[in-house]
Amino acid sequence: SNRKLRQEIWNAYQMRANNGNDKDNKELAIKISNLRGEKARLLGYETHADYVLEKSMAKNPETATKLLMDLWTPALNMANKEASDIKEMMLKDGIKDEVQPYDWRYYTEKIRKERFNLDEQEMKPYFSLEKTREGVFTVCEKLYGLQFKQLNNVPKYHEDVTVWEVTEANGNHVGILYMDFHPRTSKRGGAWMTSYRTQKMENGKRVAPVVSIVCNFTKPTENAPALLTFDEVSTFFHEFGHALHGLLSNVTYESLAGTSVPRDFVELPSQIMENWAAEPEVMKMYAKHYKTGEIIPDALIEKMQKAGTFDQGFVTTEYLAASILDMAYHTQKADITSDAETFEKEAMNKINLPSTIIPRYRSTYFNHIFAGGYSAGYYSYIWSGVLDTDAFEVFKINGLFNSDYAKSFRKNVLEKGGTEDPMELYKSFKGAEPSVEPLLRKRGLNQVK
Ligand SMILES: [Zn+2]
């Protein structure tokens with residue numbers, strides 16, 4: 001609540017690795033970008049982004065940038081509306097000043113509490129791990145006819161792990177699924193899907209995959225089973241989507257099987273599953289109180305949904321700004337001659353980023369693009385977001401478990417791995433290219449003109 005202190009902390013935060021000492025990254029950022037540009041030109045590409053994106057779904061920086069810019073104005077308009085709500089709240093605190101970047105998160109949380117008052121503890125009893133797992137299985141059965149049978153006679157690396165045989169509706173073997181849900185000493189944090197044996201064809205026969213999902217969900221206690229937050233529920237569905245991509249794979253070569261697809265396509269099978277998790281009709285199938293069996297009340301679902309679009313103007317704007325900064329660094333046709341600070345400022349001025357918002361990552365701490373594998377690829381998170389909401393819209397319109405589209409999604413996306421061009425696969429599934437409209441609606445960004 002101390003505004004002066006907020007300013008101090010925010011300043012330290014946004015100046016990370018930018019303080020003129022031996023940990024300063026400004027020169028490195030420019031050097032890395034320029035070397036990447038040089039390498040791309042040596043290889044015959046105009047820019048590093050052209051080089052990196054050649055094999056992506058977007059294919060070139062222009063297409064990726066167009067998507068970012070299609071979302072930019074709606075996101076910015078919503079962020080401006082959110083800023084005026086913050087200003088109102090500040091007035092109540094007697095602050096007549098303009099909104100500053102260091103006010104944003106503080107007042108956002110105040111507004112969130114006032115408007116939604118969503119209590120995690122109130123929700124958790126409806127999301128036991130057991131019921132959620134049944135929910136995931138039900139969704140897969142309704143969509144693809146898949147059956148899951150627990151196996152107790154196979155080797156496991158830890159007693160907490162459960163193993164399942166996955167079969168088609170007619171009993172044919174699909175693959176084996178390991179699930180490892182809870183944290184323990186020596187286990188890495190986070191959630192992921194991995195593959196012990198990747199699907200392939202050998203002598204004309206399908207070698208079935210053995211895949212695993214690993215999570216770190218809240219453990220059961222003496223008095224209660226493992227109860228998940230809705231975030232954890234979404235994570236479960238998400239990782240399960242990756243697992244399906246591995247399990248249903250039906251290609252010849254291992255190197256092109258399952259999740260071996262471009263980065264801006266790989267999150268489609270996973271993220272689309274999150275949509276089913278959050279759909280009220282589906283939630284009522286699995287979200288049942290672990291003690292009483294009571295189905296989650298409508299009022300609670302409604303509250304969750306309303307809270308879902310809150311703050312999306314800000315979240316989308318700061319994300320897009322970082323993606324556009326990434327593209328700016330990697331679409332230079334010649335060496336950058338300015339310093340990182342000036343370069344960043346010019347890139348952000350071009351898109352009229354308001355002074356109240358900074359990119360989610362500034363140049364000196366943009367780990368994804370300078371130290372991770374996401375150079376010219378930070379856009380892929382929202383690209384996948386557009387894909388999964390657009391694909392799910394097909395089910396919303398034609399029925400949540402429409403069997404024709406489920407078959408089509410399975411045949412054109414889940415079975416194909418990286419054997420065909422992702423945009424062609426997507427068009428074969430949907431009959432059209434993806435549109436940004438469903439994402440704008442989902443994030444509530446279509447409400448301000
Ligand atoms: Zn994922």
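Residues numbered from 1 in each chain as written. Predicted model: local features only at pLDDT ≥ 70, side-chain atom pairs only at ≥ 80, totals over all residues. Heavy atoms only, no water.

Let us now look at the domain arrangement of the protein. Domain assignment breaks the protein into domain 1 (31-116 + 311-378) and domain 2 (125-292). When each unit is reduced to the centre of its C-alpha atoms, the spacing between domain 1 and domain 2 is 33 Å. Of the residues lining the interface, six residues belong to domain 1; the matching set on domain 2 comes to four residues. Considering only the side of domain 1, the residues that lose the most area to domain 2 are Met 57, Gly 373 and Tyr 374, jointly responsible for 69% of the buried surface there. The tally of links between domain 1 and domain 2 comes to zero salt bridges. Applying the counting rule to domain 1 against domain 2 returns three residue pairs in polar contact (both at pLDDT 80 or more). Broken down by class, the residue content of the side of domain 1 that touches domain 2 amounts to three nonpolar, two polar and one charged. (Domains from an automatic or database assignment. Contact = heavy atoms within 4.5 Å. Buried area = accessible area lost by both parts, 1.4 Å probe. Salt bridge = Lys/Arg side-chain N within 4 Å of Asp/Glu carboxyl O. Polar contact = N/O pair within 3.5 Å; in protein donor to acceptor, adjacent residues only side chain to side chain. Nonpolar A, V, L, I, M, F, W, Y, C, P; charged D, E, K, R; others polar.)

The relative placement of two packed helices is expressed as an angle between their axes plus a distance between the axes. Between helix 16 (residues 380-398) and helix 17 (residues 403-414), whose axes approach to 9 Å, the crossing angle comes to 160°. Compared by their axis directions, helix 16 and helix 17 come out roughly antiparallel. Helix 16 and helix 17 meet at a crossing whose hand is left-handed. Here helix 16 contributes Val 394, Phe 395 and Asn 398 to the contact with helix 17, which in turn contributes Tyr 405, Ala 406 and Phe 409. Among the residues forming the contact of helix 16 with helix 17, the class breakdown is five nonpolar, one polar and no charged. (Axes fitted to C-alpha atoms, helices over the stretch in contact; angles between N-to-C directions. Helix = DSSP H or I, 4+ residues; strand = E, 2+ residues; numbered from the N terminus. Parallel < 35°, antiparallel > 145°, perpendicular 65-115°, else oblique. Left-handed = near helix turned anticlockwise from the far one by under 90°.)

Looking now at the coordination of the zinc ion. Distances from the zinc ion to its protein donors, His 238 (NE2), His 242 (NE2) and Glu 267 (OE), fall within 2.1 to 2.2 Å. Of note, the zinc ion draws all its donor residues from one chain, in the sequence arrangement H-x3-H-x24-E. With His 242 in helix 8 (residues 230-247) and Glu 267 in the loop between helix 9 (263-266) and helix 10 (268-278), this residue pair connects regions lying 25 residues apart in the sequence. Residue His 242 is classed as buried on the basis of its relative accessible area, which comes to 8%. Since its relative accessible area comes to 22%, Glu 267 is described here as partly exposed. (Donors = N, O, S within 2.8 Å, 3.2 Å for Na, K, Ca; no water. Buried < 20%, exposed > 50% of the residue type's maximum accessible area, 1.4 Å probe, protein only.)

For the rest of this paragraph, the subject is the sheet that holds strand 3 (residues 173-180). Pairing in this open sheet of five strands is mixed, and the strands run 1-2-3-7-4 from one edge to the other. Of all strands in the sheet, those bounded by a partner on one side alone are strand 1 (147-151) and strand 4 (192-197). Across the sheet, the mean angle separating the axes of adjacent strands is 25° when strand polarity is ignored. Relative to strand 3, strand 2 (residues 162-167) runs antiparallel, the two sharing six bridges. Each residue of the ladder has a partner; that of Trp 164, found in strand 3, is Leu 177. On top of the sheet, helix 7 (residues 129-144) reaches strand 1, strand 2 and strand 3; it is set at about 135° to strand 1, its chief contact. (Pairing = 2+ DSSP bridges.)

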